[in-house]
Amino acid sequence: MNTSGPAADDVRADGLRLLPFRGLRYVPERVGSLAAVTSPPYDVVVRPDGLHHLESADPHNIVRLILPQAVIAGARHRKAAVTLDRWIADGILAPDPEPALYVYEQHGDGILQRGVIGALELSTPAQGIVLPHEDVMPHVVEDRAALMRTTAANLEPLLLTYRGDGDGAADVIERTVQREPLLATTTEDGFHHRLWSVTDPADLATITAGLAEHQALIADGHHRWATYLRLREEHASPSPWNYGLVLLIDTARYPLRVRAIHRLLNRLPVADALAALGDSFRVRRVEGPLPAALESLASAAAEGNAFLLTGDGSFHLVDRPDPELISRTVRTDRPEAWRTLDATVLHATLLDHLWHIPDAPEHISYIHDTAAAVEQAERRGGTAVLMHPVREEVVRDLARQGVTMPRKSTSFGPKPATGLVLRSLALD
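About the cut-offs
- Residues numbered from 1 in each chain as written.
- Predicted model: local features only at pLDDT ≥ 70, side-chain atom pairs only at ≥ 80, totals over all residues.
- Heavy atoms only, no water.
- Pairing = 2+ DSSP bridges.
- Helix = DSSP H or I, 4+ residues; strand = E, 2+ residues; numbered from the N terminus.
- Axes fitted to C-alpha atoms, helices over the stretch in contact; angles between N-to-C directions.
- Contact = heavy atoms within 4.5 Å.
- Salt bridge = Lys/Arg side-chain N within 4 Å of Asp/Glu carboxyl O.
- Buried < 20%, exposed > 50% of the residue type's maximum accessible area, 1.4 Å probe, protein only.
- Phe/Tyr/Trp six-rings, centres within 6.5 Å; stacked < 30°, edge-to-face > 60°.
- Lys NZ or Arg CZ within 6 Å of the ring centre and 35° of its normal.
- pLDDT = per-residue confidence, 0-100.

A word on the sheet that holds strand β16 (residues 306–310)
The strands making up a sheet associate through backbone hydrogen bonding, with each pair oriented either parallel or antiparallel. Within the open sheet, the 6 strands sit side by side as β15-β17-β16-β19-β14-β18. Their pairing is antiparallel. Strands with a single pairing partner mark the edges of an open sheet, and in this sheet they are β15 (282–286) and β18 (364–367). Going across the sheet, the axis of each strand differs from the next one's by a mean of 25°, ignoring polarity. With 4 bridges connecting them, strand β14 (residues 262–265) and β18 associate as antiparallel partners. Of the residues in β18, the one forming a bridge with H262 is I367. Lying on the sheet, helix α10 (residues 290–301) is in contact with β15, β16, β17 (315–319) and β19 (383–386); it crosses β16 at an angle near 155°.

Spelled out as structure tokens, the structure:
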């Protein structure tokens, strides 16, 4: 294998090893439309009404596999496995005839994104090949592991980024998108999706050689990566479980957007949240509507830690924390860039010290969509803590140092649509 170095665009002794696989895909003639059977990633489908909407879009929507519904967790996972087997038997899903890497393109909202989907050889963070940048929640990993274990499938690709240097992989991608795609669809968010298979041995070798010179940053899918590693340990090597389904994007060519993930404090009313701050932060009421309030947040975030609290029909800008309080509540054995992250201050100073809220699902929900966070806070009588996004270079620099950010610190996008290509480990 080629070599790659300690930074994401350097050369290392062990780099990315991406293998072709027989993709499991929907048969277009057996479903209403490809758009109707796709879904956002499992952790973006945050609201029951969103789940019901997807389930009703088509009886074969992929959400029935990634978020199966049953009272008992084990029953949910078995239900997904039975559904997957039935869909394959009925010809709803069918494997491609030969192993392939898949070029995937998304286009919409001013963004063009292209990358390669394949089965990536797994590695631990200590190996420095795939770098996580966020902590994970054990109960989520346990749930995802049970689902993957029961279905014996990777149902949706993780989103990984690397910094290419004009290697041959980019050339293959650009040539491939000139051909007719395997599939093309437009999802209800207005994004256009296209997928091509790459099966030519020379092209596959070129992509493999190019990627072997790099390491990657996990942009989205930390819990699923941790799940991959857990399941690998359960199976003797060599095994299909040594690999996991990923989408690799060269962000030197196709930069991603980095958005914040907001917190919904289900049991803390806004009035109580503000009262508990005392003189520890500056608190100001800012004018809405939501876009205007977010502009106020962005201005304050340019000068230091800042949060926007809402849920009572108003917007409250919280910034300028007491430096002495920060020094007492934020751990000192991490780099300054980590100590000054908004997510660090939120969890260490606000949630743990001032609000005394445990990081448990019944207390805190993590929501990607800003408007949804506000709406749910108002409906539940809780507090939405709206965050400002972290710059990608900060994320990458911390990951290079082996420092993970608080969980759910970032949301890279656009995320790949779930349901365009699956990986069944039974086919490997």
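Following the structure, the description resumes.
Some words on the pattern of salt bridges
Using the criterion set out here, one finds 27 salt bridges in the structure. We note a salt bridge from E105 to R114, for which the minimum N-O separation is 2.7 Å. On the accessibility criterion, E105 (6% relative accessible area) is buried. Taking relative accessible area as the criterion, R114 reaches 13% and is therefore assigned buried.

Here we look at the packing of aromatic side chains
In the structure shown here, the tally under the stated rule is 3 aromatic pairs. Considering the side-chain rings of F21 and Y102, the 5.4 Å spacing of their centres and the 55° angle between planes classify their relative orientation as tilted. Here the residue F21 occupies a position in the loop between β1 (18–19) and β2 (23–26), and Y102 occupies one in strand β4 (residues 101–108), the gap between them amounting to 81 residues. The same class applies to F21 and to Y102, which are both buried. Between Y26 and W87 the ring centres are 6.3 Å apart and the planes differ by 50°, which places this aromatic pair in the tilted class. Separated by 61 residues along the polypeptide, Y26 in strand β2 and W87 in helix α4 (residues 73–89) bring together distant segments of the chain. On the basis of relative accessible area, Y26 is assigned to the buried category, the value being 3%. For W87, a relative accessible area of 2% puts it in the buried group. The ring centre of W338 lies 4.8 Å from the NZ or CZ of R334, which sits over that ring.

Thoughts on the environment of V140
Positionally, V140 belongs in helix α5 (residues 138–151). In this structure, the C-alpha to C-alpha distance between V140 and E295, residues 155 residues apart in sequence, is 33 Å. When near neighbours in sequence (up to four residues on either side) are disregarded, V140 contacts Y42 and H223.

A short note on the confidence of the model for the chain
When pLDDT is averaged along the chain, the result is 91, and 94% of the positions lie at 70 or above. Here residues 1–13 scores under 50 on pLDDT; set against residues more than four positions off or in separate chains, the count is 52 contacts.

A short note on the pairing of strand β9 (residues 183–186)
Residues L183 and T185 point to one face of β9 and are all buried, whereas A184 and T186, pointing to the other face, are not buried. Note: β9 against strand β10 (residues 192–198), 4 bridges, orientation antiparallel. In the strand pairing of β10, T186 is matched with H192. The antiparallel hairpin formed by β9 and β10 contains 5 residues in its connecting segment, where G190 sits at a positive phi of about 90°.

Some thoughts on unusual backbone geometry
A negative phi holds for most residues other than glycine; trans holds for most peptide bonds. With an omega of 0°, the peptide bond between S237 and P238 qualifies as cis. The omega angle of the peptide bond from G288 to P289 is 0°, so this bond is cis rather than trans. On the secondary structure map, P289 appears in the loop between β15 and α10. Positive phi is not limited to glycine here, since D109 has a value of about 55°. A residue is classified by how much of its surface remains accessible, and D109, at 53% relative accessible area, is exposed. Within the chain, K408 stands out as a residue other than glycine whose phi angle is a positive 55°. Inspection of the secondary structure assignment puts K408 in the loop between α15 (392–400) and β20 (411–413).

Remarks on the pairing of β19
By the alternation rule, side chains of β19 split into T383 and V385 and A384 and L386, which are all buried. Here β14 runs beside β19; their pairing, made up of 3 bridges, is antiparallel. Residue pairing for β19: L265 is matched across the bridge by T383. Relative to β19, β16 is paired through 3 bridges, and the arrangement is antiparallel. Opposite L308, over in β19, you have L386 as the bridge partner.

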